[in-house]
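# Secondary and tertiary structure notes
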Amino acid sequence: MLRFLLKKLPAVLIVIAATSIIAFLLPRLAPGDPATALAGADATPEQIEAIRQATGLDQPLVVQYFDWIGGVFRGDLGQSYLFNTSVGELILSRLESTLELAALAAIIMIAIGLLLGTLSGSPRSRVSRSILDVINTVMLATPPFLTGLLLILVFGIYWRLLPVSGEVGLIEDPNAGIQYLILPAIALALPQAAVVARLLQTSMLNVRGEDFVDLARAKGASPRRITYRHVLRNSLGATVVVIGLRIGELLGGAIVIEAIFARNGLGQLAVASVQDRDYFVVQALILGAVVIAVAIQLFTEIILAALDPRIRLEA
């Protein structure tokens, strides 16, 4: 395991270094000047220049980059121009909302994806298989924002079973918090679950044609044992990789879902920061998203090796 992680370390460092440069340059490619936005419409050129000097925006880009990345290594992500507070504290204040949403969505995605994929990849009648295919296709074709709007109409307005906007922290009030989370988490998870299910179904159908499955069948193994002991286990490798990639996409998709359900998470913060050219917040969010994606990818490869002994982490 340690050897595997050490082999991955150079690539991880290169990706993070390249991402830090892109995260630094990307907000500055957009038109506009944060100093002008901070100074207001009636500010004089002297006032704008004073703000540029105070915030370090008058420095060359190379100096600004190394000041920022040096602060990141010291645990200082900078100061938000828009909220006039530490970027680290600002992100932490919004992190709980997004993590709760992404975590519940990931659980729902994995549960529905594995269940639907296993059912679709198991021997069934033509009618049952057609129904499962229709369910999967509808989930796959419906984008999260449309699923969210449909859930709001059905469960929030027509039946009034669950709240459709706002949020309550799970730590503050678990009962109320989960009610505010269910609809946005389902909206976020269903399309991703359909992808997981479709891939698992295809893998299971391919594995069913392997010789060792025929051998197990010839030995008299029951259909249930063949499905869960031989077919499903040998089909999970690619599925685990996709689940890891989809969890990263859940964090990105949370931006749209947070807007629809009026949740005050990192997605809303990212949109506000881009609109107001809050450089340090945008940089920290981009860099953090890539670091999380890399960590999930490494974790996925470790799980993949644990599921399939033919794969060695040292390879």
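Residues numbered from 1 in each chain as written. Predicted model: local features only at pLDDT ≥ 70, side-chain atom pairs only at ≥ 80, totals over all residues. Heavy atoms only, no water.

Looking up the protein in an unreviewed UniProt entry gives the name ABC transporter permease, with the organism given as Pseudoclavibacter endophyticus. UniProt's Subcellular location (unreviewed entry) comment on the protein is quoted here verbatim: "Cell membrane". (UniProt positions renumbered as here; feature names shortened; annotations may be inferred.)

We now examine the UniProt feature "transmembrane region" (unreviewed entry) in the protein. Taken from the UniProt record, the annotation "transmembrane region" (unreviewed entry) applies to residues 12-30, 101-119, 131-158, 178-200, 235-261 and 281-307. Between the end C-alpha atoms of residues 131-158 the distance is 26 Å, and the span holds 93% helix and 0% strand. With 96% helix and 0% strand, the stretch residues 235-261 has end C-alpha atoms that lie 36 Å from each other. (Helix = DSSP H or I, 4+ residues; strand = E, 2+ residues; numbered from the N terminus.)

The next thing to look at is unusual backbone geometry. With a phi angle near 50 degrees, Asn 84 is a residue other than glycine that sits in the positive phi range. Within the fold, Asn 84 resides in the loop between helix 4 (61-73) and helix 5 (87-121). Residues other than glycine seldom take positive phi values, yet Ala 262 does so here, at roughly 55 degrees. Inspection of the secondary structure assignment puts Ala 262 in the loop between helix 10 (223-260) and helix 11 (266-275). According to the relative accessible area criterion, Ala 262 is partly exposed, its value standing at 42%. (Buried < 20%, exposed > 50% of the residue type's maximum accessible area, 1.4 Å probe, protein only.)

Evaluated as defined, the whole model comprises 8 aromatic pairs. Look at Tyr 81 and Tyr 279: their rings are 6.3 Å apart centre to centre, the planes differ by 65 degrees, and that puts the pair in the edge-to-face class. With a gap of 198 residues between them, Tyr 81 in the loop between helix 4 and helix 5 and Tyr 279 in helix 12 (residues 279-307) connect regions that are remote in the sequence. Sitting over the ring of Phe 24, Arg 28 keeps its end group 3.8 Å from the ring centre. (Phe/Tyr/Trp six-rings, centres within 6.5 Å; stacked < 30°, edge-to-face > 60°. Lys NZ or Arg CZ within 6 Å of the ring centre and 35° of its normal.)

Next up on the list: the layout of surface pockets. Of the pockets and cavities examined, the largest pocket occupies roughly 650 Å³. Considering the residues around the largest pocket, the lining is formed by 27 residues, among which Leu 266, Leu 285, Gly 288, Ala 289 and Ile 292 are closest to the centre. Only helix 5, helix 10, helix 11 and helix 12 provide two or more residues apiece to the lining of the largest pocket. If one sorts the elements of the lining of the largest pocket by residue count, helix 12 sits on top with 9 residues. What the second largest pocket holds in volume is close to 240 Å³. (1 Å grid on protein atoms, 1.4 Å probe; cavity = no way out; pocket = protein on both sides within 12 Å on 5 of 7 lines; lining within 4 Å. Points joined across faces, edges and corners; volume = space filled by probe spheres on them.)

Take the UniProt feature "domain: ABC transmembrane type-1" (unreviewed entry) in the protein next. Look at the UniProt record and you will see "domain: ABC transmembrane type-1" (unreviewed entry) annotated at residues 95-300. Here residues 95-300 is 83% helix and 0% strand, with 23 Å between the C-alpha atoms at its ends.

With respect to the element layout, Leu 199 can be found in helix 8 (residues 174-207). For Leu 199, a relative accessible area of 27% puts it in the partly exposed group. Ignoring sequence-local partners within four residues, the contact set of Leu 199 consists of Ala 238, Thr 239 and Val 242. (Contact = heavy atoms within 4.5 Å.)

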